[in-house]
Structures are given as structure tokens and as C-alpha cells.
Amino acid sequence: MSHPTSHLRNTRARTATGALVLALAAGLAVPLSNASAAPDDTAGASTPSGSANVESSIAPSARSPFVAAGGDVDALTDLVLGRALRGSGATGRSADPSVRLATLREEGREVTVRVDRAKGAWVEGVAYVEAAADQHGAPQGWLFVARRTAGSWDLALEGEPGFLGAMGRAGTTTSSERATYVQAAKATRATSRTGAVRAAAAVSNDTGMQFPVKAGSWFQMGSPHGWSGSTGALSSVDISGSDGTVRAARAGTVRSLCNGWTRIIHDNGYSSDYYHLTAVRVTGGTVGKNAVLGNQGTSLCAGGAAYGAHVHFGLRQYDANLNGWYVSLDNKIIGSHRIRTGGYYTGGTTTDVVNGNYGVLPGQRWNR
């Protein structure tokens, strides 16, 4: 299933300025997220306006309520990118968004901001940066939710504190989706309140997940590596085999970043990413554990490279430090396997906590 969007390709210079983005950020009447967690370092910098590698779009079903709320897609795009491009992960927190965008343009990498849902004053969507072509890396992506308040966008961006709480209040989410976000926010607070509580929460290393293939089947698992390849936390593995489908590792709320890249937010403070999917079956709503999301493939809806059908599976965690970013698989239990990481794409082991079986990676494993 693809995203039926009405594209607003940026082939003209947008009218937003750095002052406008700063004014929007300063004028948020009822903050959805903790702005102090992301210091404003864009003062004096130009916004990412008019860039040929930026694409903004609104889903047809969201267009009417978006316009009725007085929405301005250019202003929203600038606000989202102004925060995302200086945010967590490989983008670099202190980067001038316009400089970062220029670098991406030189690398031939596109940036997308898409509004998927709108209801009343609320909008919800995604933003992502394409992975470099012909490299076995993966894209960087953020979910966001915003509310139109007094003529300004009040934004909560994944990767910043307050995102889960905002999603739990958003008018764009269904009751079952909100329940996931609310429970995840509670789990996050429980593991982030104090150092003592956080230390006691080591049991959260048992993710309650299965591997993202059919339960009760053999599959092939590669060595851990970063979501984007040879950088970042050793959060990800390439998985193939079983019956060729890609399954939900745990129940949760589904969001599609593009047609082949799915994210599930789980109720225990984790989320999981699935890239290279084909025949995508779920793009939103809630799913149960082991639900079919699509098929293993080589799709590149947001760039990168893939050699042979598989799913690029990544683990993410919401807490006081990560706020929804990729977390190391080291010592995490998925299915019945405790994973120990090695180097990027090299080494790593698993120990079956049920029967004690030990094995090195890459190798074949049983999905309990």
C-alpha cells in the first residue's frame, strides 16, 4: 500500500525566514515538548527554504482539516526540519539546519516532510532524510505531532522529551493508538525518574519481543551494526529466511515512514523499525505480536542499498536520554536469545535463555 499524497514539491523559494522559525518556536502557547531539551542554536541561521531536495506533502484525507485549521505547510516544514536536522543521531545536534541541508543536497539525498493525518487543530506526520545511494545504510526518520495554537505550530518531535505524551493527547490518534502511547510514556517515566529506579529497570533488557519473522520458525541473522551502517549504536540486524514475511516483533501502534519502512511504537518504552519491506500490508493503526507487516525485500523507498531480500530490523528506546532513538542490542533479550554485540558487521553472539544454547553471529536461529 502506498501513500496517496498530494505533493508540494519545493521548486520555489519559500517565504519563511529564520526569524519566522524562531518566532514560531518562541510563540508556542501550550508546549507539547520540553523545548529546553533542544537549545535553540539556529539564531542567525537561514531556514531550509527553497531547497530543491526538500519535498513537502499532505495526504488528501488530511488536506481539508489542515487548511481549515489555518495550516501553512511551508511554515510547518521549516519548523520540523529546523528541529530534526539539528537533532539526535547522525545529523548532529549543533548543526545549522541550512548547512546540513546543503550538505545533503550535495550528496544527492532528499528530505521529506509529510502530513499524514489532520483533525481539528492537530496534525501528525513524518520527516526523513534519505540514506546515501549505493551504500548499505538506512535513512534517518522522525515522527511528529503538532497543534495549531494562536496561529502558530506547537510541535512535538520524536527524539525530544514530551513526544509520547503529546501523541497520547493528539486528536489524530485513535483510542487504541493513544493507549499504546500513554502506556509507553508511563514506562519511560518509570525508567527515567531516578538513577536508582533506572538501575533497577535493567529487566527492561528483556524487550518482550520476538524476531521480526514468523514465530516458531528458523531464520538467518547477521551480525549487529548501526541503523545507518558502520556508525551509531549497534542497534540493528539483517534478518532473512523463515517464510519470507516480516512480522511485528511486539504489539503496538504502527506508523509508515514510506512504502517499505515501518515503525512500531510498543507499550514498554521500546519501538522497532523495519526497512526494505515489499507488499506492505499495514501503514497505521495497531497490530498484535507476530502480525504480518509485509514481505522481506530489497525496496529502497528512502535510499540506501540492499543485497538480497531481507528486513533491516532496528531497536529504539524512549527514555530520558534517547527519547526514541536507536539503542544497542547488547545484552537485550529478543525471543529467547540474549544478544551480545561485537564490532560493526563482525562477531556478536546469542545465548538461548531457555536451553542455554550458545552461538556466534552470523548464523541460523529459532524464533520462539
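Everything discussed here concerns the structure shown above.
About the thresholds
Residues numbered from 1 in each chain as written. Predicted model: local features only at pLDDT ≥ 70, side-chain atom pairs only at ≥ 80, totals over all residues. Heavy atoms only, no water. Buried < 20%, exposed > 50% of the residue type's maximum accessible area, 1.4 Å probe, protein only. Helix = DSSP H or I, 4+ residues; strand = E, 2+ residues; numbered from the N terminus. Pairing = 2+ DSSP bridges. Salt bridge = Lys/Arg side-chain N within 4 Å of Asp/Glu carboxyl O. Arc of directions from axis to C-beta. Contact = heavy atoms within 4.5 Å.

*Asks:* What exactly am I supposed to notice about the pairing of strand 12 (residues 261-265) here?
*Replies:* The two faces of the sheet receive side chains in turn, since in a regular strand these alternate between them. Strand 12 sits mainly inside the fold: 5 of its 5 residues count as buried. Here strand 12 shows a buried face lined by Trp 261, Arg 263 and Ile 265 and a second buried face lined by Thr 262 and Ile 264. The sheet contact formed by strand 11 (residues 252-258) and strand 12 spans 5 bridges and is antiparallel. When the bridges of strand 12 are listed, Thr 253 appears paired with Ile 265. Between strand 11 and strand 12, which pair antiparallel one after the other, the connecting turn spans 2 residues, and Gly 260 there sits at a positive phi close to 145 degrees. Of the strand pairs in this sheet, strand 12 and strand 13 (residues 270-275) are connected by 5 bridges, and their pairing is antiparallel.

*Asks:* Please explain the pattern of salt bridges as it appears in this structure.
*Replies:* Applying the stated criterion to the full structure yields 13 salt bridges. For Arg 109, the salt bridge goes to Glu 107, with nearest N and O atoms at 2.9 Å. In this structure Arg 109 comes out as buried when scored by relative accessible area, which is 13%. Taking the shortest distance from any N to any O, the salt bridge between Arg 255 and Glu 177 comes out at 3.0 Å. Of the two residues, Arg 255 is situated in strand 11 and Glu 177 in helix 6 (residues 175-192); the sequence distance between them amounts to 78 residues. No difference in accessibility class separates Arg 255 from Glu 177, as the two residues are buried. The structure contains a network of salt bridges with shared partners spanning Arg 117, Glu 124, Glu 177 and Arg 255.

*Asks:* Please explain the sheet that holds strand 19 (residues 337-340) as it appears in this structure.
*Replies:* Hydrogen bonds along the backbone pair up the strands of a sheet, which may run parallel or antiparallel. Here 5 strands make up an open sheet; going across it, the order is 7-18-19-20-21 and the pairing mixed. Strand pairing shows two members of the sheet lacking a second neighbour, strand 7 (206-209) and strand 21 (358-360), which therefore form its edges. In the sheet, strand 19 pairs with strand 20 (residues 349-352) via 4 bridges, with the strands oriented antiparallel. What sits directly across from Ile 339, in strand 20, is Thr 350.

*Asks:* Which parts of the structure should I look at to understand helix 4 (residues 97-106)?
*Replies:* Side chains that are three or four residues apart share a direction in an α-helix, a result of its 3.6 residues per turn. Buried within helix 4 are the following residues: Pro 97, Ser 98, Arg 100, Leu 101 and Leu 104. Around the axis of helix 4, the buried residues are gathered within 160 degrees of arc, so they sit on the same side. Tucked into the core, helix 4 has its buried residues touching strand 2 (54-58), helix 3 (73-84), strand 3 (111-119) and strand 4 (122-129). Following helix 4 by one or two positions, Gly 108 has its phi on the positive side, about 75 degrees.

Geometric values such as these leave the question of function open.
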